[in-house]
Amino acid sequence: MNRQNKIRKLAIMGGTFDPIHMGHLVTAEEVRHEFQVDEVIFVPTGHPPHKSHINMTTCEHRYLMTVLATAANPYFKVSRIEMEREGVTYTIDTIKELKCIYGNEVELYFITGADAVQKILSWKESEELLQICNFVAVTRPGYNKEELIQQIEELNKQYKTNIYFLEVPALAISSSDIRRRLKEMKPIKYLVPQEVENYIKKHELYNYQIRLTDKEKEEMYQYVASKLSPKRYAHTRGVVEMALEYAKLNGLDYDETFIAALFHDIAKEISAEESLALCEKYHIELDEYEKKNIYLAHGKIGAVILERDWGISKPSILNGIKYHTLGRLNMTDLEKVIYLADMTEEGRSAYKEKEEIKRLAQYNLDRAMYKALTSSYNYITNILKKEVHPIINELIDYYKQFDIPE
Ligand code: NAP
């Protein structure tokens, strides 16, 4: 007999989970205990009938956050059935599909917010739904219970159904509050599992922004100073200053620019041997040119070090560090700013185009990139007598279109 055949009672945790939080997890565990169900299946909504999904986070993100949040509980599963169903998703179709999978005799408990249950009579095929499935209406503190209980009693009497009511104090946490906190740059630690917080930050969901305190900035300065020679550290401080000036003039995020500039050369003084070892350890991919000139990998390694030692995983910042040496096609403005600040900071010895690049970087990053790239190309081929990385030619070709007279 397989595991599915053994399941007699199944709870279905239906919700948007945008994002999933501790309140949802506590609710699911509470229902599991209270109703002695064998498993709780979390079903992130696909395209519910009552919601515009313009402002909703994509199904895939909501699904993956739910997987991360529930992974540690062997009684919790996550289902993609609503996400994968074409068109509008109705609970009746979900319940019927689950009955097909688990067998008609399985007893189902659909857990969801009381707000949703109160409108259940407007749901598709609600009468049948109430016959084939039990419901658990969960409320958060402050909810008008009397009205809900009365409504539930009437529904149970009229439709000979089983709708239960459960008050969950942990539901003082709400998804909308978490979204608001992220916009206001307030912490969400302990409101969602750590893995979910990391995921939100990594994927920059809900307009997540990094804001540093003066103390954190000071700690970062000290850390970087401890890793670099005085000369390289002085260059780094110069890049921070220059990058922040460009960021201000081009409307970029101040703290993101600060971090990318401060850490851009964090791996520059690591030996070739250690650089190779780090690339292997952190699965950093290198092209043939980088393998022959391993110092060029310091951007990629630096990004990994920032994430490893400071837990900063925001791609915009990591890419600012990663691409500051060679650049890449489709560079973001932050990547251009770090590239340009690196070439023009005050301490860097003067060269013919330096002042012109500095002037352009204040208001036209693309024109400044063209000047900077051609200057690098000339230096590498004419002075160093070396071959340039092929990306330099590609970038010069691309940025040439911006080199138009003022
Ligand atoms: P919602 O409007 O996002 O949520 C309503 C309230 O209930 C919110 O306060 C929400 O808090 C809370 N909530 C939602 N799901 C919860 C859960 N599983 N446990 C605890 N609290 C929960 O409602 P929804 O999430 O879109 O819909 C709930 C479920 O009902 C979904 O499975 C949906 O498909 C189903 N539904 C079906 C139909 C239909 O078939 N016609 C119509 C409406 C809803 P948080 O924001 O903190 O989660």
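The numbers attached to residues start from 1 for each chain and follow its sequence in the written order. Per-residue local features of the predicted model are confined to residues with pLDDT of at least 70, and side-chain atom pairs are confined, for both listing and counting, to 80 or more; whole-chain, interface and lining totals are unaffected and use all residues. Hydrogens and waters are ignored; side-chain quantities use all the structure's heavy atoms.

## Side note on the overall build of the protein
Next, step 1: By the criteria applied, helices consist of DSSP H or I runs no shorter than four residues and strands consist of E runs no shorter than two, each listed in order from the N terminus. The number of helices and strands found in the protein is 21 helices and 6 strands.
Next, step 2: C-alpha atoms of the protein, sized along the principal axes, occupy 90 × 45 × 40 Å.
Next, step 3: With a 1.4 Å probe rolled over the protein chains alone, any residue whose accessible area is under 20% of its type maximum counts as buried; one over 50% counts as exposed, and the rest are partly exposed. Taken over 406 residues, the protein has a buried fraction of 50%.
Next, step 4: Each accessible area is a Shrake-Rupley estimate made with a 1.4 Å probe; only the visible protein chains count as cover when residues are assessed. Carbon and sulfur atoms make up 51% of the accessible area of the protein, which totals about 20700 Å².
Next, step 5: In the protein, 54 side chains carry a positive charge and 62 a negative one; their mean positions are 1 Å apart. A residue counts as positive if it is Lys or Arg and as negative if it is Asp or Glu; His and the chain ends are not included. Where a charge sits is defined by one atom per residue type, namely NZ (Lys), CZ (Arg), CG (Asp) or CD (Glu).

## Brief notes about the pattern of salt bridges
Next, step 1: Salt bridges are counted wherever a side-chain nitrogen of Lys or Arg sits within 4 Å of a carboxyl oxygen of Asp or Glu. Under the definition given, this model contains 31 salt bridges.
Next, step 2: Among the ionic pairs, Arg180 bridges to Asp177, the shortest N-O distance being 3.3 Å. Linking Arg180 with Asp177, this pair stays in helix H9 (residues 175-183), spanning 3 residues, or about one helical turn.
Next, step 3: Note that Arg211 and Asp255 form a salt bridge whose closest N and O atoms lie 3.9 Å from each other. Taken together, the residues span a long stretch of sequence, with Arg211 in the loop between helix H10 (194-202) and helix H11 (214-227) and Asp255 in helix H13 (residues 254-263) at a distance of 44 residues.

## Description of the nonpolar core
Next, step 1: Here the nonpolar core consists of buried residues drawn from Ala, Val, Leu, Ile, Met, Phe, Trp, Tyr and Cys, with membership extended through side-chain atoms lying within 4.5 Å. Core analysis: the biggest nonpolar cluster contains 98 residues, and Val40, Phe42, Phe258, Ile259, Phe263, Ile301 and Leu340 have the highest contact counts within it.
Next, step 2: With 8 residues, helix H12 (residues 230-250) is the single largest residue contributor to this core.
Next, step 3: Not counting chain neighbours up to four residues away, the residues in contact with Ile301 comprise Ala267, Ile270, Ser275, Leu278, Cys279 and Ile284. Contacts are residue-level and defined by heavy atoms, with any inter-residue pair within 4.5 Å sufficient.

## Here's the deal with the pairing of strand E2 (residues 39-44)
Next, step 1: The buried fraction of E2 is high, at 6 of 6 residues.
Next, step 2: Residues Glu39, Ile41 and Val43 of E2 are buried on one face, and the alternating residues Val40, Phe42 and Pro44, pointing to the opposite face, are buried as well.
Next, step 3: In this structure, strand E1 (residues 9-15) lies alongside E2, joined through 6 bridges in parallel fashion. In the sheet register, Ile12 faces E2, and the bridge partner there is Ile41.
Next, step 4: A crossover gets the label right-handed when its path from the first strand over the helix to the second runs clockwise, viewed with the strands pointing away from the viewer. One crossover worth recording links E1 to the parallel E2 by way of helix H2 (residues 22-35), and it is right-handed.
Next, step 5: Two strands qualify as a pair provided DSSP detects at least 2 bridges between them. Bridge analysis of E2 against strand E3 (residues 76-78) gives 3 bridges, and the strand direction is parallel. Bridging from a neighbouring strand, Phe42 pairs with Val78 of E3.

## Considering the packing of aromatic side chains
Next, step 1: Side-chain rings of Phe, Tyr and Trp, where Trp is taken by its six-membered ring, are said to pair if the distance between their centres is within 6.5 Å; with planes under 30 degrees apart they count as stacked, over 60 as edge-to-face, and otherwise as tilted. Per the counting criterion, the structure on display carries 15 aromatic pairs.
Next, step 2: Centre to centre, the rings of Phe17 and Phe42 are 5.8 Å apart; their planes meet at 50 degrees, and the pair counts as tilted. Separated by 25 residues along the polypeptide, Phe17 in the loop between E1 and H2 and Phe42 in strand E2 bring together distant segments of the chain.
Next, step 3: Owing to a relative accessible area of 3%, Phe17 belongs among the buried residues under this scheme.
Next, step 4: One aromatic cluster is present, built from ring pairs that chain together Phe17, Phe42 and Phe76.

## A few points about the sheet that holds E3
Within a sheet, adjacent strands bond to each other through the backbone by hydrogen bonds, running parallel or antiparallel.
Next, step 1: Across the sheet, 6 strands lie side by side as E3-E2-E1-E4-E5-E6; this open sheet has parallel pairing. Lying at the two open borders of the sheet, with one neighbouring strand each, are E3 and strand E6 (163-167). Adjacent strand axes in the sheet meet at a mean angle of 25 degrees when their direction is disregarded.
Next, step 2: Across 5 bridges, the pairing between strand E4 (residues 107-113) and strand E5 (residues 134-139) is parallel. Bridging across to E5, Tyr109 finds its partner in Asn134.
Next, step 3: Fitted lines through C-alpha atoms serve as axes, helices being fitted only where they are in contact, and the angles separating the N-to-C directions of these axes extend from 0 to 180 degrees. Each of E5 and E6 is contacted by helix H8 (residues 145-159), which is oriented at about 160 degrees to E6, the strand it contacts most.

## Focus on the UniProt feature "domain: HD/PDEase" (unreviewed entry) in the protein
Next, step 1: UniProt positions are given in the numbering used here, feature names are shortened, and annotations may be inferred rather than shown by experiment. UniProt's entry tags residues 228-356 with the feature "domain: HD/PDEase" (unreviewed entry), counted in the numbering of this structure.
Next, step 2: Here residues 228-356 is 64% helix and 0% strand, with 29 Å between the C-alpha atoms at its ends.

## Digging into unusual backbone geometry
Next, step 1: Cis rather than trans, the peptide bond between Asp18 and Pro19 has omega equal to 5 degrees.
Next, step 2: When you line up the elements, Pro19 lands in the loop between E1 and H2.
Next, step 3: Not every positive phi belongs to a glycine, and Glu125 is a case in point at roughly 50 degrees.
Next, step 4: Within the secondary structure, Glu125 is located in the loop between helix H6 (114-118) and helix H7 (126-132).
Next, step 5: Residue classification places Glu125 among the partly exposed positions, given a relative accessible area of 37%.
Next, step 6: Unusually for a residue other than glycine, Tyr190 sits at a positive phi of about 70 degrees.
Next, step 7: By the secondary structure assignment, Tyr190 is in the loop between H9 and H10.

## A closer look at the environment of Ile81
Next, step 1: Within the secondary structure, Ile81 sits in helix H4 (residues 81-84).
Next, step 2: A residue is classified by how much of its surface remains accessible, and Ile81, at 12% relative accessible area, is buried.
Next, step 3: Taking the C-alpha atoms as reference points, Ile81 and Gly46, separated by 35 residues in sequence, lie 8.3 Å from one another.
Next, step 4: Aside from chain neighbours lying at most four places away, what touches Ile81 is Val43, Thr94, Glu97 and Leu98.

## Digging into the packing of H13 against helix H17 (residues 315-322)
Next, step 1: One can describe the packing of H13 onto H17 by two numbers: an axis separation of 8 Å at closest approach and a directional angle of 35 degrees. As for the relative orientation of H13 and H17, their crossing is right-handed in sense. Counted together, Glu256, Ile259, Ala260 and Phe263 of H13 and Ser316, Ile317, Gly320 and Ile321 of H17 form the full contact between these two elements.
Next, step 2: Side-chain classes follow a simple rule in which Ala, Val, Leu, Ile, Met, Phe, Trp, Tyr, Cys and Pro form the nonpolar group, Asp, Glu, Lys and Arg form the charged group, and the remainder, Gly included, forms the polar group. Tallied by class, the residues present in the contact of H13 with H17 amount to 5 nonpolar, 2 polar and 1 charged. Two helices that cross are described as forming a left-handed crossing if the nearer one is turned anticlockwise from the farther one by less than a right angle, and a right-handed crossing if clockwise.

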